[in-house]
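# Tertiary structure, described
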Amino acid sequence: IPCNNINEIAIYSNNYYKTLFNHLENLNLSLCNFGYNPIHSLQELTLLPKKRYEIMYNYMATVGTLGQSMMKATGTVQANLDYNSQQDLSNKFKISMALSPLIGLLFSNSPFKDKNLTPYQSYRNHIWQNTDKARSGTLDFVLSENFDINDYITYIINLPMYFILKNN
């Protein structure tokens, strides 16, 4: 549901959780939020049945140590931000990049892996730090004073591709 400000987001979220918790209570269930599957090993989890995911999964093993865990075992939340100009887009992208580590810390609630406690407050954050150095983490140039969204577009265009599918 589109929201115009942080207060509307808070109202919507609170109403959503109130309804959800009422339903869970009626079913004698509870909610456990984790950004990483804390119970199952990577071998026990299946990859979503998409050809591109299979290609990406195999490639992930060549560019980082935990990309395959990211694909099978992590959860995520996405935010979509509207913009009204290229400058507005650049500003919102920069702010989002700057806030991303803070948001990760605020919601660090996945210290478990394979039913065991890890040394990480968030094993999910650890995974993302070791997925693909070229495609994850904070991009310092985005935080520069003169950042423009075209800088990011140039960066993306120059990244090596995961795959090109030809002839089917």
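See the structure above.
As the structure is a prediction and not an experimental result, all values here were calculated from the model. (Residues numbered from 1 in each chain as written. Predicted model: local features only at pLDDT ≥ 70, side-chain atom pairs only at ≥ 80, totals over all residues. Heavy atoms only, no water.)

### Thoughts on the overall build of the protein
For the protein, the helix and strand inventory stands at 6 helices and 2 strands. For the protein, the α and β elements follow one another from N to C terminus as α-α-α-α-β-β-α-α. Pairs at least 24 residues apart make up 62% of the contacts formed inside the protein by residues separated by at least 6 positions. Taking the average place of the 13 positive charges on the side chains of the protein and the average place of its 12 negative ones, the gap between the two points comes to 9 Å. (Helix = DSSP H or I, 4+ residues; strand = E, 2+ residues; numbered from the N terminus. Contact = heavy atoms within 4.5 Å. Lys, Arg positive; Asp, Glu negative; His and termini not counted. Charge placed at Lys NZ, Arg CZ, Asp CG, Glu CD.)

### Re helix α4 (residues 86–106)
When the terminal C-alpha atoms of α4 are compared, their 30 Å separation across 21 residues agrees well with the 30 Å that a helix rising 1.5 Å per residue should span. The largest bend in α4 is about 40 degrees, located at S100, with the proline P101 one to four residues further on. Considered for burial, the residues of α4 that qualify are D88, S90, M97 and G104. Summarising the contacts, the buried residues of α4 are in contact with α5 (123–129) and α6 (149–157). (Expected span 1.5 Å × (residues − 1). Bend = angle between axes of the 7 residues up to and from the residue. Buried < 20%, exposed > 50% of the residue type's maximum accessible area, 1.4 Å probe, protein only.)

### Remarks on the pattern of salt bridges
Enumeration over the complete set of coordinates arrives at 3 salt bridges. K92 is the partner of D88 in a salt bridge, and the nearest nitrogen-oxygen pair spans 3.3 Å. Taken as a pair, D88 and K92 lie in helix α4 at a separation of 4 residues, close to a single helical turn. With its nearest N and O atoms 3.0 Å apart, the salt bridge here joins R135 to D132. Since its relative accessible area comes to 33%, R135 is described here as partly exposed. (Salt bridge = Lys/Arg side-chain N within 4 Å of Asp/Glu carboxyl O.)

### Structural notes on the packing of aromatic side chains
For the coordinates displayed, the defined rule picks out 10 aromatic pairs. On the basis of an interplanar angle of 50 degrees and a centroid distance of 5.3 Å, the ring pair of F141 and Y155 is categorised as tilted. Taken together, the residues F141 in the loop between α5 and α6 and Y155 in helix α6 connect sequence positions 14 residues apart. What makes F141 partly exposed here is its relative accessible area of 29%. Ring geometry for Y152 and Y155: centres 6.1 Å apart, planes at 35 degrees, overall tilted. Separated by 3 residues within a single helix, Y152 and Y155 lie in helix α6, roughly one turn from each other. Using a relative accessible area of 21% as the deciding quantity, one classes Y155 as partly exposed. (Phe/Tyr/Trp six-rings, centres within 6.5 Å; stacked < 30°, edge-to-face > 60°.)

### Thoughts on the environment of I9
Structurally, the position occupied by I9 is in helix α1 (residues 6–26). Of the residues examined, I9 reaches a relative accessible area of 40% and is grouped as partly exposed. Separated by 38 residues in the primary sequence, I9 and L47 have C-alpha atoms spaced 32 Å apart.

### So, the nonpolar core
Listed in full, the 12 residues of the largest apolar core are Y36, L42, L45, Y57, M60, L66, M70, M71, A73, Y123, I127 and Y162. Secondary-structure elements contributing two or more residues to this core are α2 (51–63), α3 (67–73) and α5. For this core, the element with the highest residue contribution is α3, accounting for 3 residues. Those residues in contact with L42 that sit more than four places away from it in its chain are Y57, Q68, S69 and K72. In terms of nonpolar packing, the next biggest core, distinct from the first, is built from 5 residues, M97, L139, V142 and F147 among them. (Core = buried A, V, L, I, M, F, W, Y, C linked by side-chain atoms within 4.5 Å.)

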